[in-house]
Number of protein chains: 2
Amino acid sequence: MGAKLIGIVAPASRLEQSMVEAVRAVARAMDPAPELLFHPQCFLSSGHFAGDDEARARAFLDVANDPNFDALWVARGGYGSARIAESVIAQLSAVARQKVYLGYSDAGALLGGLYRAGCRVAHGPMPADILRDRGETAVARALGWLCRGDSLALEPSLDPGVPAAAYNMIVFSQILGTPLEPDLTGHVLMLEEVSEHLYAMDRTMFHITSTPSVRRVAGIRLGRVSDVLPNEPAFGETEEEIVRHWCEVSGIAWLGRADIGHDVDNKIVPFGRSPYPSRAR
Amino acid sequence: MGAKLIGIVAPASRLEQSMVEAVRAVARAMDPAPELLFHPQCFLSSGHFAGDDEARARAFLDVANDPNFDALWVARGGYGSARIAESVIAQLSAVARQKVYLGYSDAGALLGGLYRAGCRVAHGPMPADILRDRGETAVARALGWLCRGDSLALEPSLDPGVPAAAYNMIVFSQILGTPLEPDLTGHVLMLEEVSEHLYAMDRTMFHITSTPSVRRVAGIRLGRVSDVLPNEPAFGETEEEIVRHWCEVSGIAWLGRADIGHDVDNKIVPFGRSPYPSRAR
């Protein structure tokens with residue numbers, strides 16, 4: 001995407017200062033190297049959040065509405081995007097629609113509303129992924145896509161002819177019916193999950209696939225489901241059987257697995273039609 | 001409500017045989033004593049559930065569509081009602097609308113659909129509450145209301161002139177926009193929660209209060225929030241501050257607390273207009 005100056009803000013949980021240098025090191029190793037600006041708000045603290053709602057919204061707008069930034073990169077997940085998304089989106093200026101927004105997990109609440117507002121958004125790795133084992137590969141993938149449009153960074157099933165979107169399952173479920181729900185008619189919907197019980201995932205898939213607007217998607221792909229919490233007794237169905245069950249009940253096409261998840265291999269899924277050819281079919 | 005024969009089914013998790021005698025003992029101590037029929041399905045096991053979806057749906061219909069039963073009492077929560085609710089509701093006969101349905105927590109998914117289908121439903125204690133300390137008081141409260149219409153069993157803020165409904169927060173969130181969502185226009189909506197992180201409760205309240213249909217309720221009351229899971233770092237707002245925040249953001253009236261929750265003091269909330277005067281204002 002040719003990004004030269006990337007602004008990093010934290011609409012949910014706060015970033016540790018200790019992560020910054022490792023992320024900058026990945027950027028410096030690129031040629032040409034992008035400039036990363038970590039907004040000071042990333043390091044604020046207000047209970048669960050990286051600063052109160054007003055501070056997080058203002059920081060987001062500082063980057064979104066500044067024409068010097070080519071991209072806004074969400075620092076990390078946690079929880080908090082839904083609390084500021086409507087206020088942020090109402091205050092976007094025209095230049096906000098000229099840049100790219102990248103993040104995943106909790107950030108999905110913002111991405112949905114931004115996509116609906118006509119912005120270019122993508123699901124993909126965040127700076128805090130640097131903390132994972134081999135985390136620099138995830139960070140390099142995100143920067144490679146933001147700065148050079150690396151097609152290897154893209155989720156491999158993406159078809160340039162079919163729009164797509166990717167979400168954490170419970171985050172997607174809890175924007176349905178709200179002003180943050182994007183119109184995903186005809187889109188391939190990729191869903192991943194982390195740190196949930198399988199019974200809760202089944203309930204969330206009931207909600208998602210029973211929502212009339214979601215029944216207009218082209219189909220569902222399941223990303224990785226990691227750190228599954230214990231189910232007592234054992235749930236009796238695998239994560240894939242759960243999603244296939246609800247696809248069958250709802251008449252939504254089951255399209256297979258997706259190469260996304262809360263891990264270092266998490267690939268990039270630009271919302272809408274992907275501007276880049278995929279590496280594989 | 002004058003119930004003489006009460007059918008007990010388990011649309012979610014299975015009941016232990018060992019609970020049956022203690023529940024029967026509470027019923028026997030009443031005058032007149034109701035007859036309790038525990039459907040054999042209550043004790044089936046299929047992974048997470050008390051029998052597979054078909055067995056649970058069939059058992060529910062066995063009781064709902066049989067004119068001999070005055071009430072259907074949901075055995076316990078867990079998870080599973082959403083998986084069978086639409087199929088069950090599509091197969092209800094006219095006699096199903098002559099009886100009362102009582103349960104809470106996961107059962108809310110069924111209660112919502114049944115209420116929408118014109119049935120008389122209520123939030124209130126279930127047989128499995130017998131396992132709580134002083135659990136017989138919860139069971140006696142439920143039977144006292146089912147058999148004699150005890151007004152002391154009712155949630156004390158209920159106003160005969162204003163319809164009401166009561167739900168577990170995440171269960172309510174995950175029926176919104178689905179065929180199980182009841183029309184709660186003008187209703188007092190009571191919400192309780194158990195075993196969730198405060199950040200997840202905040203996200204759920206975002207979803208609930210951002211849903212246009214919910215903005216038509218008369219107001220929200222907060223029941224008890226128990227067994228709160230740890231939040232790292234501390235969330236920074238109490239359960240009541242969270243609900244008041246989202247009431248303020250959404251313009252929904254905050255009406256105060258409600259005497260419901262996952263505990264022995266859980267009171268009964270008939271959906272719609274309560275047919276009985278409350279004990280206090």
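Residues numbered from 1 in each chain as written. Chains lettered and ligands numbered in written order. Predicted model: local features only at pLDDT ≥ 70, side-chain atom pairs only at ≥ 80, totals over all residues. Heavy atoms only, no water.

*Asks:* It is not clear to me how the overall build of chain A should be interpreted in this structure. Could you clarify?
*Replies:* Helix and strand counts for chain A stand at eight helices and ten strands. In terms of overall dimensions, chain A is globule-like: its C-alpha atoms have a radius of gyration of 18 Å, near the 19 Å expected for 281 residues. Its C-alpha atoms put chain A at 50 × 40 × 40 Å along the principal axes. Counting only residues that meet the buried cut, chain A has 61% of its 281 residues in that class. Considering only residue pairs separated by 6 or more positions, chain A has 79% of its internal contacts joining residues 24 or more positions apart. Of the roughly 10100 Å² of accessible surface on chain A, 51% is carried by carbon and sulfur atoms. (Helix = DSSP H or I, 4+ residues; strand = E, 2+ residues; numbered from the N terminus. Rg over C-alpha atoms; globule rule 2.2 N^0.38 Å. Buried < 20%, exposed > 50% of the residue type's maximum accessible area, 1.4 Å probe, protein only. Contact = heavy atoms within 4.5 Å. Areas by Shrake-Rupley, 256 points an atom, 1.4 Å probe, with all protein chains shown as cover.)

*Asks:* Just to check I follow, could you spell out the sheet that holds strand β9 (residues 254–257) of chain B for this structure?
*Replies:* Paired through their backbone hydrogen bonds, the strands of a sheet run either parallel or antiparallel. All names here are of chain B. With respect to topology, four strands assemble into an open sheet ordered β6-β7-β8-β9, the strand pairing being parallel. The sheet is open, and its two edges are formed by β6 (164–168) and β9, each paired on a single side. Geometrically, the sheet is characterised by an average inter-axis angle of 20° between neighbouring strands, direction not taken into account. In the sheet, β6 pairs with strand β7 (residues 188–194) via five bridges, with the strands oriented parallel. Of the residues in β7, the one forming a bridge with A165 is L189. (Pairing = 2+ DSSP bridges. Axes fitted to C-alpha atoms, helices over the stretch in contact; angles between N-to-C directions.)

*Asks:* Explanation requested: the environment of L255(A) in the structure shown.
*Replies:* Residue and element names in this part refer to chain A. As for its position among the elements, L255 is in strand β9 (residues 254–257). Taking the relative accessible area as the measure of exposure, L255 reaches 34% and is therefore partly exposed. Sequence spacing of L255 and F60 is 195 residues, and the spatial spacing of their C-alpha atoms is 35 Å.

*Asks:* Hey, could you run me through the interface of chain A and chain B in this one?
*Replies:* Often, the extent of an interface is quoted as the loss of accessible area upon association of its parts. In this complex, chain A contributes 36 residues to the contact, which on the side of chain B involves 37 residues. Taken over both partners, the interface formed by chain A and chain B buries close to 2900 Å², and the fraction arising from carbon and sulfur atoms is 54%. The tally of links from chain A across to chain B stands at four salt bridges. For R83(B), the salt bridge is made with D202(A), and the minimal N-O distance between the two is 2.7 Å. Among the secondary structure elements, those contributing two or more residues to the side of chain A that touches chain B are α3 (81–90), α6 (169–173), α7 (198–209) and α8 (239–250) of chain A. A per-element tally of the side of chain A that touches chain B places α7(A) first, with seven residues. Across the side of chain A that touches chain B, the residue classes break down as 17 nonpolar, 13 polar and six charged. (Buried area = accessible area lost by both parts, 1.4 Å probe. Salt bridge = Lys/Arg side-chain N within 4 Å of Asp/Glu carboxyl O. Nonpolar A, V, L, I, M, F, W, Y, C, P; charged D, E, K, R; others polar.)

*Asks:* Please clarify how helix α4 (residues 108–116) of chain B should be interpreted in this entry.
*Replies:* An α-helical turn contains 3.6 residues, so a residue and the one three or four places further along point in the same direction. Residue and element names in this part refer to chain B. α4 sits mainly inside the fold: eight of its nine residues count as buried. Among the residues making up α4, those that are buried are G108, A109, L110, L111, G112, G113, L114 and Y115. Each element contacted by the buried residues of α4 is listed here: α2 (53–64), α3 (81–90), β4 (100–103), β5 (120–123), β6 and α6 (169–173). Of the residues flanking the end of α4, it is G118, one or two places downstream, whose phi is positive at about 95°.

*Asks:* Explain the packing of helix α2 (residues 53–64) of chain A against α3(A) to me, please; I cannot follow it from the model alone.
*Replies:* Packed helices, taken two at a time, are described by the angle between their axes plus the distance between the axes. Residues and elements named next belong to chain A. Closest axis-to-axis distance for the α2/α3 pair is 9 Å, and the angle between their directions is 50°. As the angle between them shows, α2 and α3 are arranged oblique. Handedness of the crossing formed by α2 with α3: right-handed. Mapping the contact onto sequence places D53, R56, A57, F60 and L61 in α2 and R83, I84, S87 and V88 in α3. Split by residue class, the contact of α2 with α3 holds five nonpolar, one polar and three charged. (Parallel < 35°, antiparallel > 145°, perpendicular 65-115°, else oblique. Left-handed = near helix turned anticlockwise from the far one by under 90°.)

*Asks:* Just to check I follow, could you spell out the pairing of β9(B) for this structure?
*Replies:* Looking down a regular strand, the side chains alternate between one sheet face and the other. Residue and element names in this part refer to chain B. Where strand β8 (residues 219–226) and β9 come together, three bridges link them in parallel fashion. Bridge assignment links L222 to a residue of β9, and that residue is R257. Remark: the β8/helix α8 (residues 239–250)/β9 crossover connection has right-handed handedness. (Right-handed = clockwise from strand over helix to strand, strands pointing away.)

*Asks:* What is the right way to read the relation of the copies chain A and chain B from this model?
*Replies:* Two copies of a chain can be linked by a rotation about an axis combined with a shift along that same axis. Between chain A and chain B, the superposition needs a rotation of 180° and an axial shift of 0.0 Å, giving an RMSD of 0.0 Å. Put plainly, the chains are arranged around a two-fold axis. Measuring from the rotation axis to each C-alpha of chain A, the shortest distance belongs to G177(A), at 3.3 Å. A shared interface surface links the copies, since 100% of the contact residues of chain A are contact residues in chain B too. (Least-squares fit on C-alpha atoms with pLDDT ≥ 70 in both.)

*Asks:* Can you walk me through the state of the cysteines in this structure?
*Replies:* Two cysteines joined by a covalent bond between their sulfur atoms form a disulfide. Summed over all chains, the structure comprises zero disulfides over all chains. No disulfide involves C119(A); its sulfur sits 19 Å from that of C42(A), the nearest cysteine. (Disulfide = S-S within 2.5 Å.)

*Asks:* What should I look at first to understand the side chain of R56(B) in this one?
*Replies:* All names here are of chain B. Here R56 lies in helix α2. Only 2.9 Å separates the side chain of R56 from the backbone oxygen of G51, close enough to count as a polar contact. Once residues within four sequence positions are removed from consideration, R56 is found in contact with A10, P11, A12, Q41, F49, A50, G51, G80, R83 and I84. (Polar contact = N/O pair within 3.5 Å; in protein donor to acceptor, adjacent residues only side chain to side chain.)

*Asks:* Any chance you could explain the packing of aromatic side chains here in plain terms?
*Replies:* The relation between two aromatic rings is expressed through the spacing of the ring centres and the mutual angle of the planes. All names here are of chain B. Scanning the entire structure with this criterion turns up 16 aromatic pairs over all chains. Their ring planes at 80° and their centres at 5.5 Å tell us that Y115 and F271 sit as a pair that is edge-to-face. Taken together, the positions of Y115 in helix α4 and F271 in the segment after β10 (269–270) put the pair 156 residues apart, joining distant regions of the chain. Pair check on accessibility: Y115 and F271 agree, each one buried. (Phe/Tyr/Trp six-rings, centres within 6.5 Å; stacked < 30°, edge-to-face > 60°.)

*Asks:* Can you walk me through the side chain of N266(A) in this structure?
*Replies:* Residues and elements named next belong to chain A. With respect to the secondary-structure elements, N266 resides in the loop between β9 and β10 (269–270). By relative accessible area, N266 is classed as buried at 0%. Beyond its immediate sequence surroundings of up to four residues, N266 is in contact with Y104, H123, G124, P125, R141, R224, D259, I260 and G261.

*Asks:* Even after reading the chapter, I still don't get the nonpolar core, so can you show me in this structure?
*Replies:* The tendency in soluble globular proteins is for nonpolar side chains to be buried as a group. With 117 residues, the main nonpolar core has Y101(A), F172(A), Y101(B) and F172(B) as its most contacted residues. Excluding residues within four positions of it along the chain, F172(A) makes contact with Y167(A), L184(A), L189(A), L191(A), I208(A) and V214(A). (Core = buried A, V, L, I, M, F, W, Y, C linked by side-chain atoms within 4.5 Å.)

*Asks:* Help me understand unusual backbone geometry, please; the structure alone is not making it clear to me.
*Replies:* Peptide bonds are, in most cases, trans, and in most cases residues other than glycine have a negative phi. Residue and element names in this part refer to chain B. For the peptide bond that leads from D31 to P32, omega is 0°, which places it in the cis range. Tracing the chain through its elements places P32 in the loop between α1 (17–28) and β2 (35–38). With an omega of 0°, the peptide bond between E232 and P233 qualifies as cis. Along the polypeptide, P233 turns up in the loop between β8 and α8.

So, to be careful, I would describe these as geometric facts and stop short of saying anything about function.
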